[in-house]
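Analysis of the macromolecular model
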Amino acid sequence: MAIAPAVPGSRLRLRTPEDYDLPRDVCSYGYFLLAPNDWSPADQAFRTTLDLTTASAERQATTVVVRQPSGRGGELVCRFDRMLDRAQQTQARARLTRMLRLDESREALKAFHRVDPRWRRSGRGRLFRSPTMFEDVIKTITSCNVAWPNTINMNERLCEVLGSKSPSGFHAFPSPAKLARTRPGTLRGRCRVGYRDTRIIAIAKLFKQGSLSENDIAAPSRTSEEVYKDLLALPGVGPYAAANIMQLLGRYDRLALDTESVRHGRSTLGFTGEPPQVLKMLEAHYDAFGAQRFRSYWLELWDDYEARRGPAHTWERETTGRTFTSVQLRD
DNA sequence: GGTAGACCTGGACGC
DNA sequence: GCGTCCAGGTCTACC
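Predicted, not measured: the structure shown is a model, and the values here were computed from it.

1. Brief notes about the sheet that holds strand S4 (residues 59-67)
Pairing is antiparallel in the open sheet, where five strands are placed in the order S1-S5-S4-S3-S2. In this open sheet, the two strands that pair with only one neighbour each are strand S1 (11-14) and strand S2 (38-40). Going from strand to strand, the sheet's axes swing by 30° on average, the running direction of each strand aside. Direction of pairing for strand S3 (residues 45-53) relative to S4: antiparallel, over a ladder of eight bridges. Paired with Leu-50 across the strands is Thr-62, a residue of S4. Relative to the sheet, helix H2 (residues 86-100) contacts S1, S3, S4 and strand S5 (76-80), its axis offset from that of S3 by approximately 135°.

This is the structure we're talking about:
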């Protein structure tokens, strides 16, 4: 990909935790391969497009390229394709911090590595996510009941059809307001989301109205059980999706188990039996990792993908990025 | 509480 | 090129 923005604009510097490693920490969860995100293996740089609001309440899409010139622990240099005002700079910092998990300190990771020392040497533990909870929820819904290449297609189309365009010509992920006023037929016909159309619109309306927000649903005072129950009540969100959204919110005490998990249980852990039995074995197996169980499970699975396909920071979105899952490997 | 079938897309496969 | 089958998680109706 052409990673550099075609149009010059603002430049921001972001401080990182002392062990932060951009290639390792971006290429740690499949969403780094979903539009509007892109990773350049050649440049070891991350590009995305954000929808930011100016001080005068105007929405503008801007494409940003993030690099870590001095390597692990060094600051991130973010080049945008338009000049950002102060309000936009504040939003951009907050959104990049969320995506890249810059707010997860080295001490927080050490707590995980004490529970599961297998990842201490590599330093793994930060899992990439979206700039907003809304985008994480919609991306999770587009990953349900489909093969991974179809999830890639849905996110590309959502951005191309409904996302604002940056000066460089890339599209941001559509906002809750935009999706809330989109007709089901448009989502189904042009974005190819199928029966997810009305569920996506219903969730967009909840975010737009403010009746669903990350601050409220995931407040630190709330128990994981409370968060899980609230997520399960959302249209299109079942046990898998709710557990996955929880890990994206930074709560790792539930396993998001799907057919990939069953394959992993059989092929790597040697479990046998029908899927329900294998799922029970997986729950029992990862019980030992307590509040960190999802991360232990996920890094094991990710490690397996990388053993087969090479380090994720070498994957091209259009080739390995489409075919790294077990179902693709099996085929 | 457990189970069966519909939902929808895209890819594989057979003809 | 066309038709059929299948995988994938959620939801609803039914027992």
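2. Comments concerning the packing of helix H5 (residues 148-162) against helix H7 (residues 184-191)
In contact at an axis separation of 9 Å, H5 and H7 are set at 120° when each is read in the N-to-C sense. Relative to H7, the element H5 is oriented oblique. Handedness of the crossing formed by H5 with H7: right-handed. Of H7, the residues touching H5 (which contributes Met-154, Arg-157, Leu-158, Val-161 and Leu-162) are Thr-186, Leu-187, Arg-190 and Cys-191. Across the contact of H5 with H7, the residue classes tally to six nonpolar, one polar and two charged.

3. Details of the protein's contact with DNA strand C
The environment of DNA strand C is formed by 16 residues, the closest being Asn-145, Gly-236, Ala-241, Asp-258 and Thr-259. Residue Gly-238 places a main-chain N or O atom 3.0 Å away from a phosphate oxygen belonging to DNA strand C. Within the contact set of DNA strand C, a phosphate oxygen lies 2.9 Å away from a backbone nitrogen or oxygen of Thr-259. With three residues, the single largest contributor to the surface near DNA strand C is helix H11 (residues 239-248). For the surface near DNA strand C, the class distribution of residues is nine nonpolar, four polar and three charged.

The rules we used
- Residues numbered from 1 in each chain as written.
- Chains lettered and ligands numbered in written order.
- Predicted model: local features only at pLDDT ≥ 70, side-chain atom pairs only at ≥ 80, totals over all residues.
- Heavy atoms only, no water.
- Pairing = 2+ DSSP bridges.
- Helix = DSSP H or I, 4+ residues; strand = E, 2+ residues; numbered from the N terminus.
- Axes fitted to C-alpha atoms, helices over the stretch in contact; angles between N-to-C directions.
- Contact = heavy atoms within 4.5 Å.
- Parallel < 35°, antiparallel > 145°, perpendicular 65-115°, else oblique.
- Left-handed = near helix turned anticlockwise from the far one by under 90°.
- Nonpolar A, V, L, I, M, F, W, Y, C, P; charged D, E, K, R; others polar.
- Near = heavy atom within 4 Å.
- Polar contact = N/O pair within 3.5 Å; in protein donor to acceptor, adjacent residues only side chain to side chain.

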